Structures are given as structure tokens and as C-alpha cells.
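Report on the structure
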Amino acid sequence: QKEVEQNSGPLSVPEGAIASLNCTYSDRGSQSFFWYRQYSGKSPELIMSIYSNGDKEDGRFTAQLNKASQYVSLLIRDSQPSDSATYLCAVYSSASKIIFGSGTRLSIRP
Amino acid sequence: GAVVSQHPSWVICKSGTSVKIECRSLDFQATTMFWYRQFPKQSLMLMATSNEGSKATYEQGVEKDKFLINHASLTLSTLTVTSAHPEDSSFYICSAMDAGVLAANYGYTFGSGTRLTVV
């Protein structure tokens, strides 16, 4: 079992709709969770972090965390073509390092 | 915010030569830096963890004699790809952890990446 799992996609969402990205992790001792966005040919950039169960909103982005289910998600409201990218879920594990998922490719169709 | 500078952004080299990639933390001290490799349409693969003043820790399957890492100061880590071959062509990305903050709170900051092409 991979430590951080994501569906590779591609996930295709119409412009203006909500994009929902999911991630599960195996280490119950994980403390913090991050979502990074990576455009093709570029390095990842941090867009959201979440530490407590529940929702955290930042603009059009909402991160959701459920530690009991070992599940973290990212919702993107009012999706724009510029949101088309690969989204990496990352987990700060009990081993004191950040583990990345393989990423989900998101495509927003006009 | 924390900025990590990576240089060069792209490089083309001949097979058999060596290439050095630099990763600098510009406004913070980084006791730990990480080197990743990413092939087209694939995920980030952690190659090694670079610790200031000590030997790097390499992930399983990464040849430490081929990928030399030096972290001589709190703001600079270098990755040297020795005797490069076409199969080493990839996107190499570094990231750094601010020694003054908890990675658990802020995550890592990534450099802009280096695209290496070996011909």
C-alpha cells in the first residue's frame, strides 16, 4: 500500500463547476496535510494546508480533512481553465518528513 | 515568504560529462534540503535528503556515487550528476525546509527545477 494515494486521473470538469480531488494516507500518526499544484514543466507550489479535522476555506479552494477515515480532499469552486494542472497531496508523516502522492491531473474544459 | 532558488533552469550536456545543479535558500536557513526527480507525466520521486554538514541520505535505488550531494552551508545544497547518460534526462527539483519553522506547519518550499537533457 502506498503511503499517500491519489487517483491519477485525468479528471475532467466543465468550467464553472466544482472540482473534487481526493487523497488517502496510511500513517495514522500524520500531523499535517498539504495540497500542491504543479503546472506542466514547472515545480509544485503550495496552495493549501490543513491540520485539523473539518474544512478549511481559502478563496475558491476548500480543503477537507477526516483523520478517522485517513482522508483529505480539495474542492475547487467555480473552476477555471487556469486550474488545469496536476494536484499533489502531501502528508507530514510521523517520520518527520513530507510524503507526496503521485498526483491527480485536472483538466477544466471550457 | 520563503524563496528557494535553483540554478540552472535548464542544461544540455554530452553523455559522459558531469552536471552540477545548485539549490539556494534565499531568505532563510535550511538545515535540510530534498532532491527530487520527475520524468514526463510521472510523479515526484524523492532521490535524497541533504543535511547541512553531514552525508546525504539516499532513497532506495538511487546511486549515491552517481548523484553526488553536498550541503556545505545552511543556504546551499548541490547535486552533481556524474557521467551523465541519456536516461538521466529528467526534471530535477529541490526543496528546502526552513530551520526556523516547523515543516509540519508550513510544508516545503520548492525550487523552480532544472531540466536536464543528456545528448
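Residues numbered from 1 in each chain as written. Chains lettered and ligands numbered in written order. Predicted model: local features only at pLDDT ≥ 70, side-chain atom pairs only at ≥ 80, totals over all residues. Heavy atoms only, no water.

What follows deals with a nonpolar patch on the surface. Where nonpolar side chains cluster on the molecular surface, the patch consists of Trp10, Ile12 and Val119 of chain B and spans about 360 Å² of accessible area. When you line up the elements, isoleucine 12 of chain B lands in strand E2 (residues 10-13). (Patch = residues over 30% accessible without salt bridge, like charges linked within 9 Å, V, L, I, M, F, W, Y side chains within 5 Å. Areas by Shrake-Rupley, 256 points an atom, 1.4 Å probe, with all protein chains shown as cover. Salt bridge = Lys/Arg side-chain N within 4 Å of Asp/Glu carboxyl O. Helix = DSSP H or I, 4+ residues; strand = E, 2+ residues; numbered from the N terminus.)

Residue and element names in this part refer to chain B. When strand E7 (residues 67-73) meets strand E8 (residues 76-81), the two strands line up antiparallel, connected through five bridges. Looking at E8, one finds that phenylalanine 67 is bridged to valine 81. Counted between consecutive antiparallel strands, the loop separating E7 from E8 contains two residues. (Pairing = 2+ DSSP bridges.)

Another point: empty space enclosed by the protein. Using a probe with the size of a water molecule, rolled over the atoms, empty space left in the structure can be pinpointed. Residues and elements named next belong to chain A. Under the criterion given, the structure shown has one cavity of 30 Å³ or more. Empty space within the largest cavity amounts to approximately 30 Å³. For the largest cavity, the full set of lining residues is Glu3, Val4, Tyr25, Ser26, Asp27, Ser30, Val91, Ser93 and Ile99. (1 Å grid on protein atoms, 1.4 Å probe; cavity = no way out; pocket = protein on both sides within 12 Å on 5 of 7 lines; lining within 4 Å. Points joined across faces, edges and corners; volume = space filled by probe spheres on them.)

Moving on: the state of the cysteines. A complete count under the given rule lists two disulfides over all chains for this structure. With a sulfur-sulfur separation of 2.1 Å, cysteine 23 of chain A is cross-linked through a disulfide to cysteine 89 of chain A. Around the S-S axis, the bridge from cysteine 23 of chain A to cysteine 89 of chain A shows a dihedral of about -70 degrees and counts as left-handed. Taken together, the positions of cysteine 23 of chain A in strand E3 (residues 19-25) and cysteine 89 of chain A in strand E9 (residues 85-92) put the pair 66 residues apart, joining distant regions of the chain. The class of cysteine 89 of chain A is buried, set by a relative accessible area of 0%. Through a disulfide, cysteine 23 of chain B is tied to cysteine 94 of chain B; the S-S separation comes to 2.0 Å. Because the sign of the S-S torsion sets the handedness, a value of about 80 degrees for the bond joining cysteine 23 of chain B and cysteine 94 of chain B places this disulfide among the right-handed ones. Residue cysteine 23 of chain B is found in strand E3 (residues 19-25), and its partner cysteine 94 of chain B is found in strand E9 (residues 90-97); the two are separated by 71 residues along the sequence. With respect to burial, cysteine 23 of chain B and cysteine 94 of chain B carry one shared label: buried. (Disulfide = S-S within 2.5 Å. Buried < 20%, exposed > 50% of the residue type's maximum accessible area, 1.4 Å probe, protein only.)

Take the interface of chain A and chain B next. Across the contact, 19 residues belong to chain A and 18 residues belong to chain B. Counting every contact that joins chain A to chain B gives zero salt bridges. It is strand E4 (residues 32-38) of chain A that contributes the most residues to the side of chain A that touches chain B, four residues altogether. Among the residues making up the side of chain A that touches chain B, the classes are represented as nine nonpolar, eight polar and two charged. (Contact = heavy atoms within 4.5 Å. Nonpolar A, V, L, I, M, F, W, Y, C, P; charged D, E, K, R; others polar.)

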